[in-house]
Amino acid sequence: MQLPKYYEDFGTLHVGTEEPRAYFVPFESAAAALASAGEFCGGRQNSALFQSLNGTWRFDYYQSLDEVPEDVLAAECPVAGASIPVPSVWQNHGYDRHQYTNVQYPIPYDPPYVPAQNPCGVYRRSFTAQPDGRRVYLNFEGVDSCFYVWLNGRLVGYSQVSHSTSEFEVTDFLAAGENYITVAVLKWCDGTYLEDQDKLRMSGIFRDVYLLYRAPSHLRDYFVHTPLSADYRSADIEVELSFSGEALPVKAALFSPDGQKLCCTEAAAGSERLCLHVDAPELWNAEAPRLYTLLLEAGGEAVAERVGLREVRVADGVLLLNGMPVKFRGVNRHDSDPVTGAAISPEQAVRDLRVMKEHNVNAIRTSHYPNAPWFPRLCAEYGFYLINESDIESHGTTTVFNAGPPFSAGSRDRRYDAPVLDRVQRNVLQNKNVPAILLWSLGNESGYGKGFEEAARWTRAYDPSRLVHYESSIYQEPDEGTTTEVLDVYSRMYPPVHEIHEYFAAEKSPKPYILCEYIHAMGNGPGDAQDYQELIDRYPGLTGGFVWEFCDHAVYTGTTPEGKKKYGYGGDFGEYPHDGNFCMDGLVYPDRTPHTGFAEYKNVIRPVYAALEADGSVRFTSRYDFLRANEELAACYEVTCDGDVVEQGSFELPVLPPHGSAAARIGYMRPAAGECYLNITYYRKKESPLTPAGMPVGRDQLLLRAEAKAPARPAADASLQLTETATAVVVTGARFRYVLDKRTGMFSELCAGNRALIRRPVELNIWRAPTDNDRNVRAQWEAAGYDRVQPRVYRTEAVLEDGRAVVACELSLAAVVVQRALTATVRYEIGGDGAVAVELSGTRDTALPYLPRLGLRLFLPKQMDRASYFGYGPYESYIDKRRASYKGKFETTARGNHGDYIKPQENGSHYGCNYVRVEGPDGGWLAEAGQPFSFNISPYTQEELSAKAHNYELEECPDTVLCLDWAVSGIGSNSCGPQLLEQYRFQPAEFHYTLTLRPVTNL
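As the structure is a computational prediction, the values presented were derived from the model and not from experiment.

A.B. asks: Could you give me a rundown of the overall build of the chain, with the residues and numbers involved?
C.D. replies: Scanning the chain for helices and strands turns up twelve helices and 59 strands. Counting only C-alpha atoms and orienting by the principal axes, one finds that the chain spans roughly 110 × 65 × 55 Å. The buried share among the 1003 residues of the chain stands at 63%. In the chain, the proportion of contacts linking residues at least 24 apart, taken out of those at least 6 apart, comes to 73%.

Structure below.
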């Protein structure tokens, strides 16, 4: 098929389309409009003027546009043939293949050209239309990447910008009765160079398609402004009007959030503006999303627009909403589903919003494109702040050879200027009436040139009521003569914490600072959420951040014979190029099951936090920006002593205005001895549309008393026997026999109660299965040989002293090629009760990178798989990832303790333990120490977790794997974020640790 090559022409972006306008659906009457205004997504399906074309379409797939037969445009749609649902993406229906890339373009960098082998999907269907003298508009809310459309065999037009509505007037193309529509969708176009977002690449008509029937003259567009008085005690609702055909008189009425009619007015024909006044307005914010309904009537049609009265501005470098400083506790969100791909229904979106609300999220950045037009309106109804981002990313320009500074291949290319402005305008014009949107974002990771500066200028001029955001302005090139003064905020991705301190210390900018991406939540992570939150709480100008990202992106590929779900990511589809599992970087799994990292983030951003005062009272501080915390939250407490609950009760929070702080006496009693904590849990008092009353929103654990208890020394027993051979030391007691291998310095046999309590020799262990956040340091660890170290024992001494056996080994750990990783002395004191006190002292080679961990690895009988412990639980916990957990007594099993990340990795450790008891039907081990340690119980070895690419490929170890760690390095977020903070790295030059192991026999 020969078509005009609009898809390779930066000068032709849209053909036959209407000018962009605000999203709205007219109704046939005021009563119908009002009845649907409060319904899900505005109830547009109830309008007699709306006709959905969603459903089953005939579909033919071609490897190239050249292969499409000319007769495909025949007026009548053939009955037979393959079919596909609309909306959907064709890769999910057996056509083409999935591809995941992050930075890399999936095509050669040759703008505006795309490969000649450009896959094409041809969609066809029939429908019945009854124009009845009305003008008819055909709307496509999202097509990737571009498309041509025909009605009844006649070319209507062409459009691109995948995540944007394209509207065509088709009045003159329609016939009363049956009509035939054909749409040819191309996989790539010149817009592909501006749609290089980090996501699975998918194609097709993936958003809704519908017809609108309009009067010959009608309200074409409107822009609602809501200026507030200086004292916020009154508001005006000013509406700019534009028409298609003759100018019309417009009636307007305003209804309160509770549905009461407040006022009305009428604008005469030819008027371009109308105004309504509100006294004592109920202002919109994410905590109390109160919405008015504005009814507009013109030309026999009615529109009901949900209006939020609010003001966003900057004062003294602080972002203010309705005069109050606000903080974003946000996430970045892609349209993503493992089954439907980028085709997302309102029900799926609400599922996402519900999970976010349950985890205290109040803000979303639409990464990196506008969502369907109903999505921002859902956010306004349910209470989320939005950074609404334009459909722009040209990250792949950073891979172009000899391109100069980052992104300069694109940002200096003036051919992109018009497409950039077009995409920004389409974002703003479509969504301008949504109060949830506080900032317009020009796009993502595309550098900064004249085109972006002009887009920012246009945005500020058109909509001065919002702020303009663009993180990539940090790549401003001085020789381009651009300015960033047209941007209202300073935005960064993944800055180390010291840079944030430096920004505010320098006071170099009056702009609020936004972390538009931070604490990369890939796999087992993030590990530094608390560190950033402390800065957000500290600096008024640090407006908060948006975690990258909400959801793991994956493709559901079926189940294993055992019924386990299989998910595919980059490289699983035979594609090139690809970026592996870098799309698996969310706070929730593809099916929306929360990661432990989301539980971590939830508690870090909890709406209230507490601190213990010197007099025993508790000071509560509210993170609410508008609500009184004591009116929203209930609280209960418990006092624990050595992990046991000794007191509990409930209490009322003190009066806590927004951002307020107050102390209160709860009335608890502090125990006289032991390790004691005051645990406080906060619950929602009220039901909301997305969250039930009684749902926990966070917790605090306050230390009342720290009283470390050293484990009892192994018991003396004069009957102990110690024998030596050239390679072993054997210690025998009344009910045990232990064999220490002189070649490893570790026990090779541990038998007690006539049972073998280990299945393989104990190991001194410094390796862990790298997490996704270890992806950068992993190469250093492997270069240092940490994954393949072998022990070397230089000297062993064994004696009986005072009824105890004492064995000391001088040893090292080293790998071939490189030097020793550490040199140590391990001393064992074995008592007649079978207890083993282990003391490890040594030095680390500081020329090598920090260690993943340092501890013992035991392989226990498989049935020895139950663990009870006093430490941080119930979630996995690490030195920098433990705010979702708390110190207490918990129980788990080897399988239950496993964190089933889709890309296997280190998981399931428990930080800050005083003891852990691991046992099965025939006994086990009790490990305890005078200083906190970590443990991990798992059905998998670290080697298995390191080697396998998918969780469904994992094979269980025939043993239960128990790691007892004196130290474990933190998790961080270095998969994309900064390096692990120094204080969370295990890198001492010298170390000294103790641990006591006691056999548990149940015979």
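A.B. asks: An account of helix H8 (residues 529-538) is needed here, citing residue identities and associated values.
C.D. replies: Burial within H8 is extensive, with seven of its ten residues counted as buried. Along H8, the residues classified as buried are Ala529, Gln530, Asp531, Tyr532, Gln533, Leu535 and Ile536. Each element contacted by the buried residues of H8 is listed here: helix H7 (497-506), strand E32 (513-518), strand E33 (542-547) and helix H9 (596-604).

A.B. asks: Which residues make up the side chain of histidine 368, and what values do they have?
C.D. replies: Summarising the element assignment, histidine 368 is placed in the loop between strand E27 (363-366) and helix H3 (374-382). Residue classification places histidine 368 among the buried positions, given a relative accessible area of 1%. A distance of 3.3 Å separates the side chain of histidine 368 from the side chain of asparagine 444, its partner in a polar contact. The residues touching histidine 368, leaving out its near neighbours within four places in the chain, are Gln197, His334, Glu389, Ser390, Asp391, Ile392, Glu393, Asn444, Glu517 and Trp548.

A.B. asks: Please give an account of the pattern of salt bridges that cites residues and values.
C.D. replies: Counted by the stated rule, this structure contains 75 salt bridges. Residues arginine 135 and glutamate 169 are paired through a salt bridge, measuring 3.1 Å at the closest nitrogen-oxygen approach. Of this pair, arginine 135 sits in strand E7 (residues 135-140) while glutamate 169 sits in strand E11 (residues 166-169), and the two are 34 residues apart along the sequence. Taking the shortest distance from any N to any O, the salt bridge between aspartate 833 and arginine 998 comes out at 3.6 Å. Of this pair, aspartate 833 sits in the loop between strand E51 (820-830) and strand E52 (836-844) while arginine 998 sits in strand E59 (residues 990-1001), and the two are 165 residues apart along the sequence.

A.B. asks: Go over the pairing of strand E3 (residues 55-62), please, and point to the residues and values.
C.D. replies: In terms of burial, E3 is a largely internal element, six of the eight residues being buried. Relative to strand E4 (residues 83-86), E3 runs antiparallel, the two being bridged by four bridges. Directly across from glycine 55, in E4, lies its bridge partner valine 86. Bridge count for E3 against strand E6 (residues 120-129) is five bridges, and the pairing is antiparallel. If you follow phenylalanine 59 over to E6, its bridge partner there is tyrosine 123.

A.B. asks: Please provide a residue-by-residue account of the sheet that holds strand E22 (residues 301-307), values included.
C.D. replies: Strand order across the open sheet formed by four strands is E19-E18-E21-E22, with antiparallel pairing between neighbours. Whereas interior strands pair on both sides, the edge strands pair on one side only; in this sheet they are strand E19 (261-267) and E22. Adjacent strand axes in the sheet meet at a mean angle of 15 degrees, parallel and antiparallel pairs treated alike. Across six bridges, strand E18 (residues 250-255) lies against E19 in antiparallel orientation. The partner of alanine 252 across the bridge, within E19, is threonine 265. Together, E18, strand E21 (292-298) and E22 form the strand contacts of helix H1 (residues 30-37), whose direction differs from that of E22 by roughly 25 degrees.

A.B. asks: Describe in detail the sheet that holds strand E24 (residues 318-321), supporting the description with residues and values.
C.D. replies: If you walk across this open sheet you meet the three strands as E23-E24-E25, and the pairing is antiparallel. Every interior strand has two partners, whereas the edge strands, strand E23 (312-315) and strand E25 (324-325), have only one. Here E24 pairs with E25 via two bridges, running antiparallel. Looking across to E25, one finds that leucine 321 is bridged to methionine 324.

A.B. asks: Talk me through the packing of aromatic side chains; I want residue IDs and the actual numbers.
C.D. replies: The relation between two aromatic rings is expressed through the spacing of the ring centres and the mutual angle of the planes. A complete count under the given rule lists 54 aromatic pairs for this structure. Geometrically, the ring pair formed by phenylalanine 620 and tyrosine 682 is edge-to-face, given 6.4 Å between the ring centres and 85 degrees between the ring planes. Taken together, the positions of phenylalanine 620 in strand E37 (residues 618-622) and tyrosine 682 in strand E41 (residues 676-684) put the pair 62 residues apart, joining distant regions of the chain. The class for phenylalanine 620 is buried, based on a relative accessible area of 0%. Take tyrosine 682: its relative accessible area is 0%, and that puts it in the buried class. Linked through ring pairs, Trp57, Phe59, Tyr61, Trp90, Tyr95 and Tyr123 together constitute an aromatic cluster. The ring of phenylalanine 859 has arginine 760 lying over it, and the distance from NZ or CZ to the ring centre is 3.7 Å.

A.B. asks: Lay out the side chain of glutamate 549 in plain terms, naming residues and giving numbers.
C.D. replies: Positionally, glutamate 549 belongs in the loop between E33 and strand E34 (555-559). Although glutamate 549 lies buried, it forms no salt bridge, and the closest oppositely charged side chain, arginine 592, sits 8.4 Å away as judged by the N-O distance. A polar contact is formed between the side chain of glutamate 549 and the side chain of tryptophan 548, at a distance of 3.4 Å. In this structure, glutamate 549 is in contact with Asn332, His334, Ala521, Cys583, Asp585, Gly586 and Leu587, ignoring residues within four places of it in sequence.

A.B. asks: Requested: an account of the packing of helix H5 (residues 417-431) against helix H6 (residues 450-462), with residues and values cited.
C.D. replies: The geometry of H5 relative to H6 is characterised by a closest axis approach of 9 Å and an angle of 25 degrees between their N-to-C directions. On the basis of their axis angle, the class for H5 and H6 is roughly parallel. Crossing geometry of H5 relative to H6 is assigned as right-handed. Residues Asp417, Val420, Leu421, Val424, Gln425, Val428 and Leu429 of H5 pack against Gly451, Phe452, Ala455, Trp458, Thr459 and Tyr462 of H6. Looking at the contact of H5 with H6 residue by residue, the class counts come to nine nonpolar, three polar and one charged.

A.B. asks: Kindly report on the nonpolar core, identifying the contributing residues and their values.
C.D. replies: Leu353, Tyr601, Leu764, Leu854, Trp925, Phe935 and Leu964 are the most contacted members of the largest nonpolar core, which totals 179 residues. Those residues in contact with leucine 764 that sit more than four places away from it in its chain are Met746, Leu811, Leu813, Leu822, Leu840, Leu854, Gly855, Leu856 and Trp966. Among the nonpolar cores identified, the runner-up in size contains 31 residues, and Val156, Phe168, Ile181 and Val185 belong to it.

A.B. asks: With reference to specific residues and values, describe the packing of helix H2 (residues 346-358) against H3.
C.D. replies: Axis separation between H2 and H3 bottoms out at 11 Å; the angle between their running directions is 40 degrees. When you trace H2 past H3, the crossing you get is right-handed. Packed against H2, whose contacting residues are Pro346, Ala349, Val350, Leu353 and Lys357, the element H3 presents Trp374, Phe375, Leu378, Cys379 and Tyr382 at the interface. For the contact of H2 with H3, a count of residues per class yields nine nonpolar, no polar and one charged.

A.B. asks: So what's going on with unusual backbone geometry? Residues and values would help.
C.D. replies: A cis geometry characterises the amide bond from aspartate 144 onward to serine 145, with omega recorded as 5 degrees. Mapped onto the elements, serine 145 comes out in the loop between strand E8 (143-144) and strand E9 (146-151). Although it is not a glycine, arginine 592 adopts a positive phi angle of roughly 80 degrees. By the secondary structure assignment, arginine 592 is in the loop between strand E35 (565-568) and H9. The phi torsion at histidine 659 lies on the positive side, around 65 degrees, for a residue other than glycine. Tracing the sequence through the fold places histidine 659 in the loop between strand E39 (644-651) and strand E40 (661-664).

A.B. asks: I'd like a rundown of the environment of valine 639, residues and numbers included.
C.D. replies: Among the structural elements, valine 639 can be located in strand E38 (residues 633-641). Exposure remark for valine 639: the relative accessible area of 0% places this residue in the buried category. Each C-alpha atom, one on valine 639 and one on proline 577, is 56 Å from the other, the two residues being 62 residues apart in sequence. Those residues in contact with valine 639 that sit more than four places away from it in its chain are Asp644, Val645, Val646, Glu647, Tyr668, Met669, Pro671, Tyr677, Leu678 and Leu704.

Thresholds, definitions, all that
Residues numbered from 1 in each chain as written. Predicted model: local features only at pLDDT ≥ 70, side-chain atom pairs only at ≥ 80, totals over all residues. Heavy atoms only, no water. Helix = DSSP H or I, 4+ residues; strand = E, 2+ residues; numbered from the N terminus. Buried < 20%, exposed > 50% of the residue type's maximum accessible area, 1.4 Å probe, protein only. Contact = heavy atoms within 4.5 Å. Polar contact = N/O pair within 3.5 Å; in protein donor to acceptor, adjacent residues only side chain to side chain. Salt bridge = Lys/Arg side-chain N within 4 Å of Asp/Glu carboxyl O. Pairing = 2+ DSSP bridges. Axes fitted to C-alpha atoms, helices over the stretch in contact; angles between N-to-C directions. Phe/Tyr/Trp six-rings, centres within 6.5 Å; stacked < 30°, edge-to-face > 60°. Lys NZ or Arg CZ within 6 Å of the ring centre and 35° of its normal. Lys, Arg positive; Asp, Glu negative; His and termini not counted. Parallel < 35°, antiparallel > 145°, perpendicular 65-115°, else oblique. Left-handed = near helix turned anticlockwise from the far one by under 90°. Nonpolar A, V, L, I, M, F, W, Y, C, P; charged D, E, K, R; others polar. Core = buried A, V, L, I, M, F, W, Y, C linked by side-chain atoms within 4.5 Å.

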